[in-house]
Amino acid sequence: MPPQAKGYPQSSGNYSRIPAPGQPTYTEAWALVEAARRMAAALEAGPLDQPEVRKALRDSLRLNWRLWTIFQSELSADDCPVPIEIRQNMLSLCNFVDSHTVQTMAEPTPEKVAILIEMNRNIATGLLESLQAAVQAQEAADKAQAPRPAAAGKADEPPPPPTSINAEA
């Protein structure tokens with residue numbers, strides 16, 4: 001059973017469980033979905049002119065921004081294993097998130113927040129699909145290399161002679 005997530009001071013602490021360690025792709029997808037969920041929850045909490053709603057939105061935007069800053073840092077590392085084309089595309093998205101988040105925090109609108117929510121959900125979907133494809137490919141490779149069960153009897157013995165259905169004939 002994965003450990004229960006500890007809440008941030010601004011959260012109620014009752015969000016979903018964090019994923020088990022050792023699955024970075026799944027963890028990244030989970031973090032994107034969780035950040036999207038928090039931004040959506042802030043939007044659904046009421047009108048943006050209410051101070052508590054604005055605070056919840058600001059907190060969720062900051063969390064999302066920190067997440068994307070982590071991605072940016074990892075993708076910028078010299079030893080990053082991500083293929084260069086994907087890395088460049090993701091770094092462009094990181095730059096967009098940076099600038100769009102600043103604009104959204106300065107002048108929040110549901111439309112601006114929705115862009116970040118959808119981007120997170122789409123990237124998470126892509127990560128989960130790639131993870132599923134990798135798991136299926138590994139299962140297929142494992143199945144192809146698995147030893148085939150031998151026929152009844154020992155593998156070195158010839159199979160028994162066929163028996164006739166009409167033994168009396």
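This is a predicted model, so every value here is computed, not measured.

In this section: the overall build of the chain. Within the chain, the regular secondary structure consists of 4 helices and 0 strands. Ordered by position from N to C terminus, the α and β elements of the chain give α-α-α-α. Out of the 169 residues in the chain, the part that is buried amounts to 25%. Contacts spanning at least 24 positions in sequence make up 53% of the contacts within the chain whose residues lie at least 6 apart. With an accessible surface of roughly 11,800 Å², the chain has 58% of that area assigned to carbon and sulfur atoms.

So, about a negative patch on the surface. A cluster of acidic side chains, namely Glu28, Glu74, Asp78 and Asp79, defines a negative patch on the protein surface. By the secondary structure assignment, Glu74 is in helix 2 (residues 51-76).

This part takes up the packing of helix 2 against helix 3 (residues 84-106). Remark: helix 2 packs on helix 3, axes separated minimally by 9 Å, with the N-to-C direction vectors making an angle of 155°. In terms of orientation, helix 2 lies roughly antiparallel with respect to helix 3. Considering only the axes of helix 2 and helix 3, their crossing is left-handed. Of the residues in the contact of helix 2 with helix 3, the class split is 13 nonpolar, 7 polar and 5 charged.

The next point concerns the nonpolar core. What tends to happen in soluble globular proteins is that the nonpolar side chains get buried as a cluster. Grouped together as the largest cluster of nonpolar side chains are 28 residues, with contacts concentrated most on Leu32, Trp68, Phe71 and Ile123. With 9 residues, helix 1 (residues 24-44) is the largest single contributor of residues to this core. With sequence-adjacent residues up to four places away left out, Ile123 is seen in contact with Leu32, Trp68, Met90 and Leu93.

A few words on the environment of Ile70. As for its placement among the helices and strands, Ile70 is situated in helix 2. Spatially, the C-alpha atom of Ile70 lies 9.5 Å from that of Cys94, the residues being 24 residues apart in sequence.

This part takes up the environment of Cys94. Turning to its location among the elements, Cys94 is positioned in helix 3. Judged by its relative accessible area of 0%, Cys94 is buried. Along the primary structure Cys94 and Trp68 are separated by 26 residues, whereas in three dimensions their C-alpha atoms are 5.9 Å apart.

Looking at the secondary structure, you find Thr104 in helix 3. Dropping the residues within four chain positions of it, Thr104 is found in contact with Leu61, Lys112, Val113 and Leu116.

The next subject is helix 4 (residues 110-145). An ideal rise of 1.5 Å per residue puts 52 Å on 36 residues; helix 4 measures up with 52 Å between its terminal C-alpha atoms. For helix 4, every residue scored as buried is listed here: Val113, Leu116, Ile117, Met119, Asn120, Ile123, Ala124 and Leu127.

So, on to a positive patch on the surface. Where like charges cluster on the molecular surface, the positive patch consists of Arg54, Arg58, Arg62 and Arg66. Checked against the element boundaries, Arg62 lands in helix 2. In this structure Arg62 comes out as partly exposed when scored by relative accessible area, which is 38%.

Conventions used here
Residues numbered from 1 in each chain as written. Predicted model: local features only at pLDDT ≥ 70, side-chain atom pairs only at ≥ 80, totals over all residues. Heavy atoms only, no water. Helix = DSSP H or I, 4+ residues; strand = E, 2+ residues; numbered from the N terminus. Buried < 20%, exposed > 50% of the residue type's maximum accessible area, 1.4 Å probe, protein only. Contact = heavy atoms within 4.5 Å. Areas by Shrake-Rupley, 256 points an atom, 1.4 Å probe, with all protein chains shown as cover. Patch = residues over 30% accessible without salt bridge, like charges linked within 9 Å, V, L, I, M, F, W, Y side chains within 5 Å. Salt bridge = Lys/Arg side-chain N within 4 Å of Asp/Glu carboxyl O. Lys, Arg positive; Asp, Glu negative; His and termini not counted. Charge placed at Lys NZ, Arg CZ, Asp CG, Glu CD. Axes fitted to C-alpha atoms, helices over the stretch in contact; angles between N-to-C directions. Parallel < 35°, antiparallel > 145°, perpendicular 65-115°, else oblique. Left-handed = near helix turned anticlockwise from the far one by under 90°. Nonpolar A, V, L, I, M, F, W, Y, C, P; charged D, E, K, R; others polar. Core = buried A, V, L, I, M, F, W, Y, C linked by side-chain atoms within 4.5 Å. Expected span 1.5 Å × (residues − 1).

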